[in-house]
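# Structural overview
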Amino acid sequence: MSVFDLTIAGAARALRAREISAVELAAAYNAAVEALNPRLNAYITPTPELALEQARAADRRLAGGGATPLTGIPIAMKDLFCTEGVRTTAASKILGNFVPPYESTVSARLKAAGAVMLGKANLDEFAMGSSNLTSAFGPVESPWKRHGAEARLAPGGSSGGSAAAVAARIALAATGTDTGGSIRQPAAFTGIAGIKPTYGRCSRFGVVAFASSLDQPGPMARNVEDNALMLSVMSGFDEKDSTSADRAVPDFTQALHRSVKGLKIGVPAEYRLEGTNPEILALWEQGIAWLRAEGAEIRDISLPHTKYGLPAYYIIAPAEASSNLARYDGVRYGLRVEGEDLIDLYERTRAEGFGAEVKRRILIGTYVLSHGYYDAYYLKAQKIRSLILRDFTDAFMEVDAILTPTAPSAAFGLDETMTDPLTMYLNDVFTVPASLAGVPAMSVPAGLSAAGLPLGLQVIGRHFDEETVFTVAAALERAAQFSALPQVRAE
Amino acid sequence: MAYTLAGRSGAWEVVVGLEVHAQVISVSKLFSGASAAYGGEPNAHVSFVDAGFPGMLPVINQECVAQAVRTGLGLKAQINLFSRFDRKNYFYADLPNGYQISQFAHPIVGKGIVEIELADGTLKPIGITRLHLEQDAGKSMHDQHPTKSIIDLNRAGVALMEIVSEPDIRSPEEAGAYLRKLRQILRYLGTCDGNMEEGSLRADVNVSVRKPGEAFRTRCEIKNVNSIRFVMHAVEAEALRQIEIWEDGGEVEQETRLYDPARGETRSMRSKEDAHDYRYFPDPDLLPLVLEEDWVAALKRGLPELPDEKRARFCAEYGIPFYDAGVLVAEQEVADFYEEVARGRDGKLAANWVTGDFFAAMNRTGKSIADPPVSAAALGALLDLITDKTINGRIAKDVFEEMVETGKPPAEIVVEKGLRQVTDTGAIDAAVTRVLAANADKVAEYKAGKDKLFGFFVGQVMKAMQGKGNPALVNEAVKKQLG
Amino acid sequence: MSLDAATVRRIAKLARIRVRDEEVATLQGELNAILGYVEQLAEVNVEGVEPLSGGMRMALRSRADELTDGGMAEKILANAPDRIGNFFAVPKVVE
Ligand SMILES: [Mg+2]
Ligand SMILES: [Zn+2]
């Protein structure tokens, strides 16, 4: 067994037993990053020296007491979290040279727990995408291959670098952010687990904003337990984020061993969307059967406004983004393209600094907020958002959790370029409603497609009831026994 | 009589509404913990939040909210227990986020009223449309470098209250009176220092003209006028410009203009040329601002007495004229000074002394009410000497001057200089006899009917007694001896 | 509702993004596809529905009025593409 087979829980035991040192673990991971990253492009900025330095500190802590389950654990940090003194790009040319003089709350919490940062993980530019194809630093390649095929596949997005790094075992775990599915969809595509916590559970302070009312940091890791360990550290009230929830953080690992017996699990009719891959529907049925076998009570439910989630999302998210990204103007930091006057400077800087997808969303967002269109688009979308929240609130009167597929398909190829942005948007159809409602949702690897690619199931819970989500996800994980490994990985 | 401007086609009425930006008195900024203090080294009072760095988030300052509520209460306005922050999106060099956090759809304060007083004593209510909280921008300087503008973000994010009036103002004088009254209320409340030189109070002036009785015509907004005098000038200059356009058969275009004090005229703002579309929407980084009724009630209980109430009370309690009371309450510190002098004394006497000799001394010495030429206690002691007839009013003026000069207590000066009033009727009678004897000719004239000479005799007697005679007794004695 | 080329240009101007002439038609097509897709929201009856603007329904929390930040001009300016002394610098703005 190699160090790369260890989970966080396993590595923590080995570190504590001094079977391995944090420096040895970090060095092994650094070497794996060096070997595989040129191919996968999962990291924009590897930080091997910082990792060793943090590992040395972790060893001192492991020897001297005060170690946490994350002390000495090597992780990847999505390059959307500002890290003091380490370049933070949001995978955009416009922030290509930006070195934050401050640390995000989530990365600071991980740092304080003793986690070791291997580097800054690639993503879709400003987290806008479901493929990782929009990164200004090049696409991330998924470590998975279809049976007998060499085509390079997309890891999903936007947290595609995080997903690929964890799946290829060049990180033990990673941070992600999820705005409409950016943790769950890439987790599903790469055969790992990832949770988008309740909106307000993890601080957004220091996370480069995409759509403020939807953005939520969360962990991505090899299994459900590792997610619980990560989330327990990442969560918590932050007075620097006005939308942070001031409530206690439970030890999420306690929820893993609870039985699903007697839990009511909802299966929403509206998720049986036309055109969904039959393999996905079959896996969903399988998931239902597993939970039933464990004693859960399955209930058919209705989330009537599901189909309007995606169009509402594609008004709300770009609208917020158009405003959030106005600060990138070439004046205080980041890229500047000189111009004849200030307006010219703005226009050239932003034309040059933003990629095509980001520009598209800024333009759509600008349009739906503009004079005369606000009510028809933005206000309407917010009302739909209310209805979607009401759907969930009503459903959770009857059930304790909801089970759905995570994505409508398995991973697609990097070269199967989608000419039409809309086709790409459809990837998020199952993940967006939970984002709009702010409820926690987790993707668990549950099986393989006929072509041998991972497929995920999504568990959605009540606001601030991540514990039930973990309980149900852990039960699925035990039943699925998902043990497939990607072709490209550290060994 | 209503203010109008004469045009070729007859009289024009001026219609003015003001949007006043008042800087909130607070330690830190509206959404960050950086200093809100004026001045400072460039970019020293700046947090990453104020500079719009990636991932930075706003957290609202409780005291700024309280200040807005206090101001709303002071303007007798509706306090909205539910309000919300919106983003006003536009690009400008000193606007770091590319948007200003403001309150558009749901301001914290709704309709209110400010009563102004005109020179002829007329009182007029001016409606307040709303008051909302918002962030100030930074400062761009365009004249420090040949090819560049430079930016200091120290002001960026400082809390402002935008106070919008109804278009109820009808003359430059009313505009000035409104601003003075608003500033007075803000200063009483301690919510804004009203310092126009430092930009703590700035006015956007909306001006239109119309024929009396007409509906409103197109208005122009004159941005950021920073003195009351300039506001008054700008109203008139802009009104005259618009009248000329209308009378020439033209059409006034709605636009944003600047007032140029050097030329005494307004001009179009080039930088605001392209029509704005601010794309307001609720700031998703902030939740709705919900106030507790009890909290608002507590703020209300904590409000100081405001100028209108104080003025009414001064009239009732001290029996002084409405006009005098207005002068005394113009500034809270003066009102407090007056009350200290007047408490337990003759309020009218106190008012006369404070607005008369005391103000004159303040002007002459260049001192302020915070560091007065004579303390309220000392002035009170002087009034006591008048009331108990130790000295007369004439001598009191000399004593006061001596107090200003030396800082000595009045009683000490009276003793030192032997200024005690003479009430011994024998001494007075003797002085009167001497004066009448020395002015036999005038006595004859008086007896022949020249009544006016009575004052002359009294004056001569007082002079003979070095001013120390009790005026009433002297009067009496002169009258008696003249028969 | 469908965007014409002039509107694409106006929106790009508002967003301060320079678009080349040859980009306008492509953008117009892409934006119209997205707008066409979201059009389906028109069929939902939202009468009497309150808009939901945030991810959570709670009231705003506030902080005490204390001096806790600032005094770090060098850090504020460290990433600046252009500065003059402790000021940010941009091409001269004419008001
Ligand atoms: Mg204004
Ligand atoms: Zn304003």
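The rules behind the values
Residues numbered from 1 in each chain as written. Chains lettered and ligands numbered in written order. Predicted model: local features only at pLDDT ≥ 70, side-chain atom pairs only at ≥ 80, totals over all residues. Heavy atoms only, no water. Helix = DSSP H or I, 4+ residues; strand = E, 2+ residues; numbered from the N terminus. Contact = heavy atoms within 4.5 Å. Polar contact = N/O pair within 3.5 Å; in protein donor to acceptor, adjacent residues only side chain to side chain. Buried < 20%, exposed > 50% of the residue type's maximum accessible area, 1.4 Å probe, protein only. 1 Å grid on protein atoms, 1.4 Å probe; cavity = no way out; pocket = protein on both sides within 12 Å on 5 of 7 lines; lining within 4 Å. Points joined across faces, edges and corners; volume = space filled by probe spheres on them. Nonpolar A, V, L, I, M, F, W, Y, C, P; charged D, E, K, R; others polar. Donors = N, O, S within 2.8 Å, 3.2 Å for Na, K, Ca; no water. Salt bridge = Lys/Arg side-chain N within 4 Å of Asp/Glu carboxyl O. Pairing = 2+ DSSP bridges. Axes fitted to C-alpha atoms, helices over the stretch in contact; angles between N-to-C directions. Domains from an automatic or database assignment. Buried area = accessible area lost by both parts, 1.4 Å probe.

Next up on the list: the environment of Tyr43(A). Residue and element names in this part refer to chain A. Topologically, Tyr43 is positioned in strand β1 (residues 43-46). When the C-alpha atoms of Tyr43 and Leu342 are compared, they prove to be 35 Å apart, with 299 residues separating the residues in sequence. Residues contacting Tyr43, with those up to four places away along its chain left out, are Val33, Asn37, Ala76, Leu118, Gly119, Lys120, Ala121, Asn122, Ala165, Ile170 and Ala171. A distance of 2.8 Å separates the side chain of Tyr43 from the backbone oxygen of Ile170, its partner in a polar contact.

Attention now goes to the environment of Leu291(B). Residue and element names in this part refer to chain B. Mapped onto the elements, Leu291 comes out in the loop between β17 (289-290) and α4 (293-301). For the pair Leu291 and Lys450, spaced 159 residues apart in sequence, the C-alpha to C-alpha distance is 76 Å. Those residues in contact with Leu291, other than ones at most four positions away along the chain, are Val65, Val69, Ile79, Asn80, Leu81, Ile108 and Val296.

Residues and elements named next belong to chain A. Most of helix α7 (residues 224-234) is tucked away, with 9 of its 11 residues classed as buried. Regarding α7, the residues found buried are Val224, Asp226, Asn227, Ala228, Leu229, Met230, Leu231, Val233 and Met234. The residue sitting at the N-terminus of α7 and contributing the capping side-chain oxygen is Asn223; that oxygen lies 3.3 Å from the backbone nitrogen of Glu225. At the exit of α7 stands Gly236, carrying a positive phi of roughly 135°.

Over the atoms, a rolling probe the size of a water molecule traces out where space has been left empty. All names here are of chain B. Within this model, the second largest pocket holds a volume of roughly 740 Å³. Taken together, 25 residues form the lining of the second largest pocket, with Glu117, Gln184, Arg311, Gly326 and Ala330 sitting closest to its centre. Listing elements by their share of the lining of the second largest pocket, those giving two or more residues are β7 (112-117), α2 (172-189), α5 (307-318) and α6 (322-329). In terms of residues, the lining of the second largest pocket owes the most to one element, α2, which gives 7 residues. A per-class count over the lining of the second largest pocket returns 12 nonpolar, 3 polar and 10 charged.

Moving on, we come to the coordination of the zinc ion (ligand 2). Residue and element names in this part refer to chain B. Of the protein atoms, only His21 (NE2), Glu134 (OE) and Glu162 (OE) coordinate the zinc ion (ligand 2), at distances of 1.9 to 2.0 Å. Summarised as a motif, the one-chain spacing of the donors to the zinc ion (ligand 2) is H-x112-E-x27-E. In this structure, the zinc ion (ligand 2) is positioned 4.7 Å from the magnesium ion (ligand 1). Highlighted residues: His21 in strand β2 (residues 10-23) and Glu162 in strand β11 (residues 159-165), separated in sequence by 141 residues. Take His21: its relative accessible area is 10%, and that puts it in the buried class. Assessed through its relative accessible area of 10%, Glu162 is described here as buried.

We now examine the pattern of salt bridges. Counted by the stated rule, this structure contains 67 salt bridges over all chains. In this structure, Lys417(B) and Glu402(B) form a salt bridge, with 3.6 Å as the shortest nitrogen-oxygen distance. In this pair, Lys417(B) is assigned in helix α11 (residues 410-417) and Glu402(B) in helix α10 (residues 393-406), connecting sequence segments 15 residues apart. With relative accessibility at 47%, the residue Lys417(B) sits in the partly exposed group. In this structure, Arg9(C) engages Asp21(C) in a salt bridge whose closest nitrogen and oxygen atoms are separated by 3.1 Å. Of this pair, Arg9(C) sits in helix α1 (residues 5-14) while Asp21(C) sits in helix α2 (residues 21-38), placing them 12 residues apart in sequence. Overall, the relative accessible area of 56% leaves Asp21(C) in the exposed class. Here the residues in one salt-bridge network are Arg204(A), Asp241(A), Arg87(B), Asp283(B) and Asp285(B), joined through shared partners.

This part is about the sheet that holds strand β16 (residues 281-282) of chain B. Taken in spatial order, the 3 strands line up as β6-β5-β16 (chain B) in an open sheet, and their pairing is antiparallel. Of all the strands in the sheet, the pair left with one neighbour each is β6 (99-102) and β16 of chain B. Sitting on the sheet, helix α9 (residues 306-324) of chain A is in contact with β5 (86-89), β6 and β16 of chain B, with an inclination near 60° to β5(B).

This brings us to the domain arrangement of chain B. Residue and element names in this part refer to chain B. As assigned here, chain B comprises domain 1 (5-299), domain 2 (305-417) and domain 3 (425-482). For domain 1 and domain 2, the distance between their C-alpha centroids amounts to 38 Å. On the domain 2 side, the residues contacting the 11 residues of domain 1 number 13 residues. Of the roughly 940 Å² buried where domain 1 meets domain 2, counting both sides, 49% is carbon and sulfur surface.

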